[in-house]
There are 2 protein chains.
Amino acid sequence: MATVLESNVDVLIVGGGPAGLMMATWMAKCSINARIVDKRGTKIFNGQADGLQCRTLEILDSLGIGHRAWREANHMVEICLWNPDENGVIRRSDRIPDTIPGISRFQQVVLHQGRIERFFLDAIAEASDIRVERGVMPSSLKIDESLVEDDAAYPITVTLRHLTEKEATPRQSSTSVNGEVVQDGLFRSNLAKDDTQDLLELSKLRDKANSEEIVHAKYLVGADGAHSWTRSQLGLKLEGDSTDYIWGVLDIVPITDFPDIRMRCAIHSASNGSIMVIPRENKLVRLYIQLTTTEKTGDTSSRADRSKINPQVILESAQKIMAPYKITYRKLDWWTAYQIGQRVGTSFSVHDRVFLAGDAVHTHSPKAGQGMNVSMQDTFNLGWKIASVVKGHAKRSILKTYQSERRGIAQELIAFDHKFSRLFSGRPAKDVMDAEGISMEEFKAAFLKGHMFASGIAVNYGASEIVAKEGSREEHGDGTDVSVANVQSNVISDESLCRGITVGMRIPSHKVLNQADARPWHLQELLPSNGRWRIIVFAGNVTNSEQRGKLEKLAQDFGSQSAFLSLYTPEGAKYDEVFELLVIHNAPRTSVSIFDFPEIFRPFDEIDGWDYNKIFVDDVSYHEGFGNIYDALGISHSGCVVIVRPDQYVSYVGPMENTAAVSRFFGGFLRVQQQ
Amino acid sequence: MATVLESNVDVLIVGGGPAGLMMATWMAKCSINARIVDKRGTKIFNGQADGLQCRTLEILDSLGIGHRAWREANHMVEICLWNPDENGVIRRSDRIPDTIPGISRFQQVVLHQGRIERFFLDAIAEASDIRVERGVMPSSLKIDESLVEDDAAYPITVTLRHLTEKEATPRQSSTSVNGEVVQDGLFRSNLAKDDTQDLLELSKLRDKANSEEIVHAKYLVGADGAHSWTRSQLGLKLEGDSTDYIWGVLDIVPITDFPDIRMRCAIHSASNGSIMVIPRENKLVRLYIQLTTTEKTGDTSSRADRSKINPQVILESAQKIMAPYKITYRKLDWWTAYQIGQRVGTSFSVHDRVFLAGDAVHTHSPKAGQGMNVSMQDTFNLGWKIASVVKGHAKRSILKTYQSERRGIAQELIAFDHKFSRLFSGRPAKDVMDAEGISMEEFKAAFLKGHMFASGIAVNYGASEIVAKEGSREEHGDGTDVSVANVQSNVISDESLCRGITVGMRIPSHKVLNQADARPWHLQELLPSNGRWRIIVFAGNVTNSEQRGKLEKLAQDFGSQSAFLSLYTPEGAKYDEVFELLVIHNAPRTSVSIFDFPEIFRPFDEIDGWDYNKIFVDDVSYHEGFGNIYDALGISHSGCVVIVRPDQYVSYVGPMENTAAVSRFFGGFLRVQQQ
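Residues numbered from 1 in each chain as written. Chains lettered and ligands numbered in written order. Predicted model: local features only at pLDDT ≥ 70, side-chain atom pairs only at ≥ 80, totals over all residues. Heavy atoms only, no water.

1. A few points about the overall build of chain A
When you go through chain A residue by residue, the secondary structure sums to 17 helices and 28 strands. In chain A, which comprises 675 residues, the proportion classed as buried is 62%. The long-range fraction of contacts in chain A, counting pairs at least 24 apart against all pairs at least 6 apart in sequence, stands at 74%. As displayed, chain A has an accessible area near 25100 Å², and 49% of this comes from carbon and sulfur atoms. (Helix = DSSP H or I, 4+ residues; strand = E, 2+ residues; numbered from the N terminus. Buried < 20%, exposed > 50% of the residue type's maximum accessible area, 1.4 Å probe, protein only. Contact = heavy atoms within 4.5 Å. Areas by Shrake-Rupley, 256 points an atom, 1.4 Å probe, with all protein chains shown as cover.)

Here it is in structure tokens:
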């Protein structure tokens, strides 16, 4: 018998969907030794469209792929609400912007999951040698509990099995593709040119088929979907509402006289149910129709119902709801019928060594367009934390904030989905006396409120050792105790210094100009996802001697041997390996040059000269207007210091003078690097 | 002896630089049977940086690659003028926006030629099977003059020789690469990941080395550079100023205390000469220094001078000019010294069958940053014309407008370059009595004036059969007679109908909203380069019965069997194969739907349903402001019709009522397709 291959890896990711790929992208960007395996033989190519939240686009942009999504996606601009009039005939009752104006530099768009996966794969390949290992599935998982607190150890042992091509072929590409009878099938026009290489690589599976290998890992991330193998190995459960809905989804190129077919629409008919219209790329339109409500999952009769659903059934429902307008199609891209409960994992991790993310820990209806977003944001939250622990920058204690932060969001998501589904599916009230019916005023109010949540911008992480704000560190988030171990490090922000920034939320973005070349940038563009913490000094008017004095004192303090910069940056590392110092002032741009700023903000390198990308100014640009970031964020003349996490969430706000607080904050969870 | 391979091709392009690649991109976008050959074995990878004009970016965007250039390029925002003060010490005397605000939705940027070539190669591969055939050089050219007016004939015969790898290796990659002594060399950090495939393909050269083939072509485009083989075969000459300058160019990562090193700077020292600073990508800065002026090209002593120039000589000149600021470097990317006359070809074509483009017909100094732009714009002008003749849509007579339009531009360019070079190189005047010196006021005035020219936006093509405006068709352009053969077709625009549009110039761009989905688009984004003519109907307020009546009448006329749409669209072709009808109205968006417009503006397809991308509105958007295109273009309440060429230049402006003029205009140069 041949020897079984055995190897070590810092991070093993199970699952190559959006959550797993986001994790792998962080690993690539942070140069972490990682592997990612997926049981399917190829990436997915179509179907499974999803809305991309504003916040997701901001995140993709921070990873260098936002522009690709923005360019290829269909931009949904307006939501039209259609309701029965007094004669029971549907009419447009309202128009609402699909994204609340001003909350982000991006607006919600729609693009199918296969493209998002392609962008991740390209970003991973550009930054690292990590490749998704396809047709590979874990077959056993052991955790050595005695080693879980040992930073150098590999406490996790996983056996990986290389599948045969047949085992690795998902149903989606194995079914026939011939127009009207396509079922969970491939629409050939959606096969992008840059995906063809992937298909060719399928043949490589054969070489290793049926072999096994053993991997020892420091960390394991189970992003392996609703039927998560990892979750079941850990014995963890999903809990939640057992009321399931059956949904029909139809992706067609519609032929219709309905005037708003290229708008996102919520159509409530008087007595034929409701439909959600989602216009997509390439003239496609997705129709979501809730077909039944059953009381129990696993109920045999409800499963049977589902099997009777086909495109014709869904189309006929749509035709009834949308009458007197006509709708039909000649091109069917994809359709499905499914049933999903609204459930959240009881725990998101075991020993802070094995983590679950995405559908593995929360399931809900697809209609709110949140699924892929929340899943990717799970690992966007987790990736930099694991990377900084693996690199020895941070203590393991920060890892418990993954559960406190993300389980809390999943709970909010489920509540949102529950409410939204009920409102969407209900029969419109006939009049104010119709208590059983859904009032359209109530629907619209909920819709508007849900809007902010659905943008992803509303996420507000609770107090913890990496979010320095008031409040109980036990009660925030999902209830996990994330208190600061060292009371010394228990720093509290002064949010009065910039009313437009909320500690725990992502930093809002406005345009600022580079002092050295006058080019405008969105603030968030200065915060790419590369694992660095940012300390942004809003220095005010630096031609004012008081502000200038404060900035010089701050630079002197930050530069001292006992301050965070020196303590927590590894010896020999580049000056901004762990912390990037940025200054944004609001003196007139032409009144100063970079040489008027302390050298700490324009670090010198013997070969590359000065760094010209750390000093920015709030001033008018020639071609892109005036960002007015001081006004927008409510920053006072006395300035302030803002600490931004590697994922763009705000950790701390304090006065320029209190430089000690910054060092104390980082002292709570970072490791001293130099003696 | 083996049989020599012999084949036919519609268009043969010689030269795979920017001009040749632009031509090939048109061929790809218009599905023309074309080949492109280049004697070099690989594309270029670095050096040869160039500014990209606003207009060039608009053009690249129309080809689907503008965003790649915009993203990778360094954005130059401000020009700083530095001059000697009363003590002879340089000081910043002025700041000017590098691009005139408002003239384009893009601003001038800098990116090296190797990247532009990559974007073209990708666009060509995406749209066609055309590939640059490298290591291939023409060795003979014959034109059968008896066939030049025969549309079906292949009057051009070219012998192509496949070179050996050694012959195909340009000097740039053959010299050693070791830091300070690099000369016209490769900077390895500039080798982009997506170029590596190209290098691997070099080996394919060997298979065909030393073989010959014969190609019969309908059209030949010589985009083969300043030493054009095609030009010399045709016996054509360049004419112009024989005063040559020697330029030193140094691409370095500077280490300097000069505060404006990331700005574009023109620095005139009191007595040590002048320098132009061009900040580039990756911290690189290009320094242009004019080192000597000689009176005659080919003068042996001046050639000798040039050989003595090395990076140290150029650096020392820069150090003298920039004193008291210090400048040095540790990283040298590339350098060169060259000597270029300012000359224009006497003729741009022979029999309107063989055309010359780019450096093959105009040479000038590189400093104005115009070279690559004007070269690409030559073939951007030529490509769609040849494509429409090859397809049988247009008569051959439109081909003579290539010379009238582009030779005129080349002449303007040379005049601009001459003036600019003199002003730039001269010694600053000591005072107003110093007649020999250059007044800095004069320099700034010329600079500002040159600005509009340098943007590429000022191009204004003369009257011809494809530009319907007042003026002598003999005197406009370069003097070529481009009169309309058929007096019936001699249509004249009424430019008073929209004062913001100039017939002969590219159509300005402002945002409009799609009526069907409310998404904002820049007008130019609706005009991708695919060979189509656009008829844009500015219909005014279509809720007004008079305007609505006019629109309906117009639609009826355009739809008649005797109108251009029916006459000049091939039978069986898609409804917008030759002409795309767009309407932009200014009634409130929510007051109408697409079904309120004549069907000609929302063509129906049995499989794809209605076309939702032809009806637009001038209204406010939720997230991107209000384009206000009616005000910006000065369009009156009565509306107008604008004909836009496939290259976005305006052919005609007239009233909505005069639909006959539109048909008459197209009758001048298009071929009747149906009997």
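2. Description of helix H14 (residues 545-558) of chain B
Residue and element names in this part refer to chain B. A rise of 1.5 Å per residue sets the reference length of H14, with its 14 residues, at 20 Å; its end C-alpha atoms lie 20 Å apart and thus fit the reference within 8%. Among all positions of H14, only Gln547, Lys550, Leu551, Leu554, Ala555, Asp557 and Phe558 are buried. Around the axis of H14, the buried residues are gathered within 160° of arc, so they sit on the same side. For H14, exposure combined with an orientation more than 90 degrees from the buried face picks out Ser545 and Gln556. Buried residues along H14 sit against strand S22 (533-540), helix H15 (564-568), strand S23 (579-585), strand S27 (640-644) and helix H17 (659-667). (Expected span 1.5 Å × (residues − 1). Arc of directions from axis to C-beta.)

3. A short note on the interface of chain B and chain A
Opposite the 51 residues of chain B that make contact, chain A presents 50 residues. Summed over both partners, the interface of chain B with chain A buries about 4600 Å², with 54% contributed by carbon and sulfur atoms. Counting every contact that joins chain B to chain A gives four salt bridges. The residue aspartate 608 of chain A makes a salt bridge to lysine 331 of chain B at a minimum N-O spacing of 3.1 Å. If you look at where chain B meets chain A, you find 20 residue pairs in polar contact (both at pLDDT 80 or more). For the side of chain B that touches chain A, the element with the most residues is strand S12 (residues 238-256) of chain B, which contributes four residues. Class assignment for the residues of the side of chain B that touches chain A results in 23 nonpolar, eleven polar and 17 charged. (Buried area = accessible area lost by both parts, 1.4 Å probe. Salt bridge = Lys/Arg side-chain N within 4 Å of Asp/Glu carboxyl O. Polar contact = N/O pair within 3.5 Å; in protein donor to acceptor, adjacent residues only side chain to side chain. Nonpolar A, V, L, I, M, F, W, Y, C, P; charged D, E, K, R; others polar.)

4. Points about the side chain of arginine 506 of chain A
Residue and element names in this part refer to chain A. For arginine 506, the location among the structural elements is in the loop between helix H13 (440-454) and strand S20 (511-514). There is a polar contact of 2.6 Å between the side chain of arginine 506 and the side chain of glutamate 58. Looking at arginine 506, its side chain comes within polar contact range of the main-chain oxygen of isoleucine 103, at 2.8 Å.

5. Thoughts on the relation of the copies chain B and chain A
Rotating chain B by 180° and moving it 0.0 Å along the rotation axis overlays it on chain A with an RMSD of 0.0 Å. The transformation relating the two chain copies, once decomposed into turn and shift, fits a two-fold axis. When C-alpha distances to the rotation axis are compared across chain B, the minimum falls at histidine 67 of chain B, with a value of 4.4 Å. When you check the interface residues of chain B against chain A, 98% turn up at the interface there too, and the contact is symmetric in its surfaces. (Least-squares fit on C-alpha atoms with pLDDT ≥ 70 in both.)

6. Focus on the domain arrangement of chain A
Under the domain assignment used here, chain A contains domain 1 (5-72 + 111-169 + 194-239 + 343-420), domain 2 (74-107 + 242-293 + 305-341) and domain 3 (487-668). Here domain 2 of chain A and domain 3 of chain A have C-alpha centroids that lie 46 Å from each other. (Domains from an automatic or database assignment.)

7. What to know about the side chain of serine 388 of chain A
Residues and elements named next belong to chain A. Position of serine 388 relative to the elements: it lies in helix H11 (residues 371-390). The class for serine 388 is buried, based on a relative accessible area of 10%. Setting aside anything within four residues of it in sequence, one finds serine 388 in contact with His393, Ala394 and Ile398.

8. Here we look at the packing of aromatic side chains
Inspection of every chain in the model, using the stated rule, returns 47 aromatic pairs over all chains. Ring pairing ties together the aromatic residues Trp384, Trp533, Phe558, Phe564, Phe579, Tyr652, Phe665, Phe666 and Phe669 of chain A, which thus form one cluster. (Phe/Tyr/Trp six-rings, centres within 6.5 Å; stacked < 30°, edge-to-face > 60°.)

9. So, the sheet that holds strand S23 (residues 579-585) of chain A
Sheets are built from strands that pair by backbone hydrogen bonding, the pairs being arranged parallel or antiparallel. Residue and element names in this part refer to chain A. Pairing is mixed in the open sheet, where seven strands are placed in the order S21-S20-S26-S23-S22-S27-S28. At either end of the open sheet lies a strand with only one pairing partner, and these are strand S21 (520-522) and strand S28 (650-654). With strand direction ignored, the average angle separating the axes of adjacent strands in the sheet is 30°. As defined by bridge partners, strand S27 (residues 640-644) adjoins S28 across four bridges and the pair is classed as antiparallel. Counterpart to isoleucine 643 in the pairing with S28 is tyrosine 652. Where helix H17 (residues 659-667) meets the sheet, its contacts fall on strand S22 (533-540), S23, S27 and S28, and the angle it forms with S27 comes to roughly 15°. (Pairing = 2+ DSSP bridges. Axes fitted to C-alpha atoms, helices over the stretch in contact; angles between N-to-C directions.)

10. Here we look at the confidence of the model for chain A
In low-pLDDT segments, the atomic positions of the prediction should not be examined closely. All names here are of chain A. Mean pLDDT for chain A: 88, with 87% of residues reaching 70 or above. Scored below 50 in pLDDT, residues 172-191 shows 44 contacts in the model against residues more than four places distant or in partner chains. Here residues 294-304 is a poorly scored stretch, pLDDT under 50, and it has 16 contacts once near neighbours within four places are set aside; other chains count. (pLDDT = per-residue confidence, 0-100.)

11. Here's the deal with the environment of leucine 527 of chain A
Residue and element names in this part refer to chain A. Looking at the secondary structure, you find leucine 527 in the loop between S21 and S22. Each C-alpha atom, one on leucine 527 and one on glycine 627, is 17 Å from the other, the two residues being 100 residues apart in sequence. Apart from the residues within four sequence positions on either side, leucine 527 is in contact with Ser62, Ile507, Arg534, Ile536, Leu582, Val644 and Gln648.

12. Some points on the sheet that holds S23 of chain B
Residues and elements named next belong to chain B. Strand order in the open sheet made by the seven strands is S21-S20-S26-S23-S22-S27-S28, with mixed pairing throughout. Across the chains shown, the open sheet's two edge strands, defined by having one partner strand only, are strand S21 (520-522) and strand S28 (650-654). Between one strand axis and the next, the sheet turns by 30° as a mean value, whatever way the strands run. By the bridge criterion, three bridges tie S23 to strand S26 (residues 615-617) in an arrangement that is parallel. What sits directly across from histidine 585, in S26, is valine 617. Packing of H14 onto the sheet brings it into contact with S22, S23 and S27, and relative to S22 it is tilted by some 155°.

13. A closer look at the pairing of S27 of chain A
Residues and elements named next belong to chain A. Across the five residues that make up S27, a large majority, five, are buried. The alternating pattern of S27 places Cys640, Val642 and Val644 on one face and Val641 and Ile643 on the opposite face, and all of these are buried. Direction of pairing for S22 relative to S27: antiparallel, over a ladder of five bridges. Within S27, the position partnered with isoleucine 536 by the bridge is valine 642.

14. Side note on the packing of helix H11 (residues 371-390) of chain B against helix H12 (residues 400-425) of chain B
Residue and element names in this part refer to chain B. In the contact formed by H11 and H12, the axes pass within 10 Å of each other and the chain directions differ by 170°. It follows that H11 is roughly antiparallel to H12 by the angle criterion. Contacts between H11 and H12 involve Val374, Gln377, Asp378, Asn381, Leu382 and Lys385 from the first element and Thr401, Tyr402, Glu405, Arg406, Ile409 and Leu413 from the second. Looking at the contact of H11 with H12, its residues break down into five nonpolar, three polar and four charged. (Parallel < 35°, antiparallel > 145°, perpendicular 65-115°, else oblique.)

15. So, the pattern of salt bridges
Residues and elements named next belong to chain A. Tallied over the full model, the rule gives 72 salt bridges over all chains. Arginine 35 is the salt-bridge partner of glutamate 133, the closest N and O atoms lying 2.6 Å from each other. Here glutamate 133 is found in strand S8 (residues 132-134), whereas its partner arginine 35 is found in strand S2 (residues 34-38), with 98 residues between them in sequence. One salt-bridge network, in which partners are shared between bridges, spans Arg532, Arg534, Lys574, Asp576, Glu580, Asp611 and Lys614.

16. A few points about helix H10 (residues 311-322) of chain B
Residue and element names in this part refer to chain B. In this model H10 runs 16 Å from its N-terminal to its C-terminal C-alpha over twelve residues, within 8% of the 16 Å that 1.5 Å per residue would give. Buried within H10 are the following residues: Pro311, Ile314, Leu315, Ser317, Ala318, Ile321 and Met322. Angularly, the buried residues of H10 cover 160° about the axis, an arc narrow enough to put them on a single face. Its side-chain oxygen 2.9 Å from the backbone nitrogen of glutamine 312, asparagine 310 forms the N-cap of H10.

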